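Below are the chains, spelled out letter by letter.
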Amino acid sequence: MKNAIYEEIESLLELDLNRKYKVLDIGSGQGELLGLLSSSMKSESFLVGIDAVENSVESAKDNYPHLEFHREKFIDSLSFEDDCFDIVVSIDTLECISNKCALITEVHRVLKPGGKVVFSHWDWDTQVYNSANKSIIRKFVAAFSDWKQDWMEASDGQMGRRLWGMFEGSGKFKGKITSFTLLETEFREGKYGFDRLRDLSNLVEGGSIEPTEYEMICSEMQNLSDKNKYFYSVNSYIYAGEPA
Ligand SMILES: C[S@@+](CC[C@H](N)C(=O)[O-])C[C@H]1O[C@@H](n2cnc3c(N)ncnc32)[C@H](O)[C@@H]1O
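Residues numbered from 1 in each chain as written. Predicted model: local features only at pLDDT ≥ 70, side-chain atom pairs only at ≥ 80, totals over all residues. Heavy atoms only, no water.

Engineer: Run through the site of the ligand, naming residues and quoting values.
Structural biologist: Taken together, 16 residues are adjacent to the ligand, and Lys2, Gly27, Asp51, Phe74 and Ile91 come closest. One of the side-chain nitrogen or oxygen atoms of Asp51 is found 2.6 Å away from an oxygen atom of the ligand. Bound to the protein, the ligand loses 86% of the 600 Å² it would expose on its own. Using a 2 Å cut-off from the grid points, one finds that the ligand occupies the largest pocket. Per-class residue counts for the shell around the ligand are 8 nonpolar, 3 polar and 5 charged. (Near = heavy atom within 4 Å. Polar contact = N/O pair within 3.5 Å; in protein donor to acceptor, adjacent residues only side chain to side chain. Areas by Shrake-Rupley, 256 points an atom, 1.4 Å probe, with all protein chains shown as cover. 1 Å grid on protein atoms, 1.4 Å probe; cavity = no way out; pocket = protein on both sides within 12 Å on 5 of 7 lines; lining within 4 Å. Sits in = over half its atoms within 2 Å of the grid points. Nonpolar A, V, L, I, M, F, W, Y, C, P; charged D, E, K, R; others polar.)

Structure representation (C-alpha cells):
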C-alpha cells in the first residue's frame, strides 16, 4: 500500500537516471522511500534519512546499507548546511513535529535554488468505513484522528489538508497539491483499514472507546467482509514544490 505513495512521489520528482542527486528524507522510518528513489538515480548520488527513533534508523541501515541514516530528532533546526540538497522528501512525519513552521523554514534553507520538496501526509479524518452504525464509526474515525500516540511529540489528524497552506502559505515555496486515495475491499491483517481498526484497541484499553462498541464494529466489518460488502478508504495529500 505504502509502495503506491512512494511511487507517486517518485513520479512527481521526475528523476533523471543519469543524474547525481543529494536527497534528504525527514522521518525516514525503515528507509523504503530512499531505497526506491536510489534505484532511479546515479549510484554516486547521496541519500540521507533522519529519524528520531534509533530502532528505525538501525533497520533502515540494515535494509539499505548503501544509503545513510542518522538518528536526528527535529526540534527547530536541521544539522545540514545551506543549499545542500537537490530534493527533500518526507512522508507522514510533519504532524509529529511541534514546530512545523521551523521545519518548513529549514527545508527551504537546506534546499538548493531550483531544488524540489515533496511532502505527503494522511488526513485521518478522511477515513471511511462502510458501517450501518454511523454515529459510532464517526466517533471511531475522530478518535483515531485525535489520538496522539506515545512516540509522537505532537499530532494533527488533519495534517494532510494543511500541507498546502503550510508550504504555499509560508511564501517560501511554489508548488501543487495532489491526492492519493487508498481503497480497500478486503478486511484482513496487513490491510490498512484492518490494521488501523486493530490499532484502535489501544483506545479501548485507554478507556476512550467502549469495549462493546469496539467489538460490535469489528464483528460488523467481518460480517460485511464475508458478504463482499466491506469498504474502506483514506486520503493522503502530496505537496510538491520548489523554493519560490
Ligand atoms: C508515520 S512514521 C513514517 C515513516 C516513513 N516516512 C514511512 O513513510 O514509512 C513517522 C516517522 O517520523 C519519525 N519522527 C517523528 N517525530 C520526529 C522528529 N521530531 N524528528 C525526526 N523524526 C521524527 C518517527 O520516528 C517515524 O519514523
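Engineer: Provide a residue-level description of the layout of surface pockets, including the pertinent values.
Structural biologist: Of the pockets and cavities examined, the largest pocket occupies roughly 1100 Å³. Around the largest pocket, the lining is made up of 42 residues, and of these Ile91, Asp92, Thr93, Cys96 and Trp151 lie nearest the centre. Residue assignment for the lining of the largest pocket shows that the elements contributing at least two residues are helix 1 (2-13), strand 1 (22-26), helix 2 (32-38), strand 2 (46-51), strand 5 (111-129), helix 5 (134-145) and helix 7 (192-199). Looking at the lining of the largest pocket, its residues break down into 17 nonpolar, 13 polar and 12 charged. (Points joined across faces, edges and corners; volume = space filled by probe spheres on them. Helix = DSSP H or I, 4+ residues; strand = E, 2+ residues; numbered from the N terminus.)

Engineer: Would you mind going over the side chain of Ser28 in detail, with residue names and values included?
Structural biologist: As for its placement among the helices and strands, Ser28 is situated in the loop between strand 1 and helix 2. You can call Ser28 buried: its relative accessible area is 7%. Excluding residues that lie within four positions of it along the chain, Ser28 makes contacts with Gly49, Ile50, Asp51 and Phe69. (Buried < 20%, exposed > 50% of the residue type's maximum accessible area, 1.4 Å probe, protein only. Contact = heavy atoms within 4.5 Å.)

Engineer: Mind laying out empty space enclosed by the protein, listing which residues take part and the relevant values?
Structural biologist: Tallied over the entire structure, the rule returns 1 cavity of 30 Å³ or more. One number sums up the size of the largest cavity: a volume of about 40 Å³. Lining of the largest cavity is provided by Gln127, Tyr129, Phe140, Val141, Phe144, Arg196, Leu197 and Leu200. For the lining of the largest cavity, the secondary structure elements donating two or more residues are strand 5, helix 5 and helix 7. Class assignment of the residues belonging to the lining of the largest cavity gives a composition of 6 nonpolar, 1 polar and 1 charged.

Engineer: How would you summarise a nonpolar patch on the surface if you had to cite specific residues and measurements?
Structural biologist: On the surface, Val128, Leu183 and Phe231 cluster together into a nonpolar patch covering about 250 Å² of accessible area. In this fold, Val128 is placed in strand 5. (Patch = residues over 30% accessible without salt bridge, like charges linked within 9 Å, V, L, I, M, F, W, Y side chains within 5 Å. Salt bridge = Lys/Arg side-chain N within 4 Å of Asp/Glu carboxyl O.)

Engineer: Give a description of the pattern of salt bridges that names residues and reports values.
Structural biologist: One pass over the structure, following the stated rule, counts 16 salt bridges. Between Lys139 and Glu213 there is a salt bridge, with its nearest N and O atoms 2.7 Å apart. Placement of Lys139 in helix 5 and of Glu213 in helix 9 (residues 211-226) is noted, with a sequence separation of 74 residues between them. Taking the relative accessible area as the measure of exposure, Glu213 reaches 17% and is therefore buried. The partner of Lys174 in a salt bridge is Glu168, with the nearest N and O atoms 3.6 Å apart. With relative accessibility at 57%, the residue Lys174 sits in the exposed group. Residue Glu168 is classed as buried on the basis of its relative accessible area of 17%. When salt bridges with common partners are traced through the structure, they connect Arg19, Asp86 and Lys112 into a single cluster.

Engineer: Any chance you could break down the environment of Tyr239 for me, citing the residues and the numbers?
Structural biologist: Relative to the elements of secondary structure, Tyr239 occurs in strand 7 (residues 232-243). Put simply, Tyr239 and Met166 are 73 residues apart on the chain and 9.7 Å apart in space, counted from C-alpha to C-alpha. Contacts of Tyr239, omitting those with residues within four sequence positions, involve Val117, Val118, Phe119, Leu163, Trp164, Phe167, Glu168, Phe173, Lys174, Gly175, Lys176 and Ile177. A polar atom in the side chain of Tyr239 sits 3.1 Å from the backbone nitrogen of Gly175.

Engineer: Talk me through the pairing of strand 3 (residues 68-71); I want residue IDs and the actual numbers.
Structural biologist: Both strand 2 and strand 3 contribute to a ladder of 4 bridges, which runs parallel. The residue bridging Ile50 from the neighbouring strand is His70, located in strand 3. Taken together, strand 2, helix 3 (residues 54-63) and strand 3 constitute a β-α-β crossover, and its handedness is right-handed. (Pairing = 2+ DSSP bridges. Right-handed = clockwise from strand over helix to strand, strands pointing away.)

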